[in-house]
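Commentary on secondary and tertiary structure
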Amino acid sequence: DCTPVSLKLLGERLVAFRDTEGRGGILGAYCPHLGAHLGHGGRMEGESLRCPFHAWLWDGSGRCVEIPSAKKIPAKARVRSWPVVEKNGLIMLWHHAGGEPPGYELPDIESWGSDEWTPYEVRRWKVRSRWLDMNENAVDQVHFRYVHGAKTVPQTEVEVDGHILRCRSRMKLGTPDGVVQGGIDTTDYGPAFQTVHLTGIIETIMVNTATPIDDEYTDVSFAYTVRQIDGADAHHGVGAAIIRDLEKQMREDIGICEHKKYFQRPMLCDGDGPIGTYRKWMRQFFSEELRG
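This text gives an overview of the structure that appears in the document. Going along each chain's sequence as written, the residues are numbered from 1 onward. At least 70 in pLDDT is required for a residue's local features to be given in this predicted model, at least 80 for side-chain atom pairs to be given and counted, and no such filter applies to totals for whole chains, interfaces and linings, which use all residues. Side-chain calculation: all heavy atoms of the structure are included, whereas hydrogens and water are not.

A word on the pairing of strand β14 (residues 178–189)
Defined as follows: For two strands to count as paired, DSSP must find a minimum of two bridges between them. By definition, any uninterrupted DSSP run of H or I lasting at least four residues is a helix, any uninterrupted run of E lasting at least two residues is a strand, and each is numbered from the N terminus.
Sheet topology places β14 next to strand β15 (residues 193–199); six bridges connect them, and they run antiparallel. Bridge assignment links D188 to a residue of β15, and that residue is Q194. Where β14 folds back on β15, the antiparallel hairpin that results is connected by three residues, among which G190 adopts a positive phi of roughly 75°.

Some points on the environment of D133
This is how the line gets drawn: Whether two residues are in contact is decided by their heavy atoms: any pair within 4.5 Å suffices.
Mapped onto the secondary structure, D133 falls in helix α1 (residues 131–136). It is 38 Å that separates the C-alpha atoms of D133 and M44, two residues lying 89 residues apart in sequence. What D133 contacts, discounting residues up to four positions off in sequence, is C257, K260, K261 and Y262.

Focus: the pattern of salt bridges
Filter applied, for reference: Any Lys or Arg side-chain nitrogen found within 4 Å of a carboxyl oxygen on Asp or Glu counts as a salt bridge. Under the scheme applied here, a residue whose accessible area is under 20% of the maximum for its type counts as buried, over 50% as exposed, and between as partly exposed, the area being computed with a 1.4 Å probe on protein chains only.
Here the structure, examined in full by the defined rule, presents 19 salt bridges. We note a salt bridge from E159 to R166, for which the minimum N-O separation is 3.7 Å. With a relative accessible area of 32%, R166 lands in the partly exposed category. Between R227 and E203 there is a salt bridge, and its shortest N-O distance comes to 2.6 Å. Within this pair, whereas R227 is found in the loop between β17 (218–226) and α3 (238–257), its partner E203 is found in the loop between β15 and β16 (204–212), the two being separated by 24 residues in sequence. One network of salt bridges, in which partners are shared, links R43, E45, R50 and E66.

What about the sheet that holds strand β7 (residues 64–66)?
Put simply, the rule is: Think of each axis as a best-fit line through the C-alpha atoms, taken over the contacting stretch in the case of a helix, with angles from 0 to 180 degrees between the N-to-C directions.
Pairing is antiparallel in the open sheet, where four strands are placed in the order β4-β5-β6-β7. At either margin of the open sheet sits one strand with a lone partner, and together these are β4 (43–45) and β7. Sheet twist, expressed as the average angle between the axes of neighbouring strands with direction ignored, equals 40°. Examined bridge by bridge, strand β6 (residues 57–59) and β7 share two bridges and lie antiparallel to one another. If you follow W58 over to β7, its bridge partner there is C64.

Description of the nonpolar core
What counts, and what does not: We define the nonpolar core as a collection of buried residues of types Ala, Val, Leu, Ile, Met, Phe, Trp, Tyr and Cys that are connected through side-chain atoms lying within 4.5 Å of one another.
In this structure, W125, V127, M206, V220, F222, Y224 and M250 are the most contacted members of the largest nonpolar core, which totals 21 residues. Elements represented by at least two residues in this core include exactly β11 (121–127), β15, β17 and α3. The dominant element in this core, judged by the number of residues it contributes, is α3, at six residues. In terms of nonpolar packing, the next biggest core, distinct from the first, is built from 15 residues, C31, C51, W56 and V79 among them.

Written out as structure tokens, the structure reads:
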């Protein structure tokens, strides 16, 4: 489908599209001519997007390539474009406050498209919470005990490698057959793309994104997949139960996040684990004036 899609992310109005060759792109939503929204009535023509108002034509880089009613295209006729990459069933955009190009690449997730894993089930939420609060949740080891009902506070270790942060947690999980040892291995590739590998009951992978919509709301998507059991569809049984429980945990988190306040310098204690390490790692992704 080549119909443009309107988005609101990063405090901006955007338009996402695929050209007729299947390549994805994201532009600023408003035509600089007289302000028409390219996502409402705009149409794809080959590799370019036609404005619905006066038919100016914009290519994927944001450059105006045709004005039917004019002999000359203004030299400054451009719409902002965002670098994008398509991997793991997602179109990811790169945002840098200073306009710098992408500084790292995203990984290919082995479970994506593999016959050894069930098809991804995607859930999406618009959460009234600061983006940083949503991201920090994975390294908040104590909340697993008191919000999600883990039998123990996880033993958590964090490893930082440039733009990558790995968090390894081990905890006791309750099951109908008794308590088992469970594991959560979370890897953040920059501040907005995360994989979670869960073990203990049935091997499960989550591919997560968190993108600020504006200063108040965050767009969150989780994609769940479980390892196939003896070639059967694991969704019909324990795999489906795992996904239902993970969705329940997300609802529990939302209930907290939508009513809490973000403190730039919280009063941490010695039982909080790697929250301080996580915040220090996260600072690299902010402009100097926002690092605090």
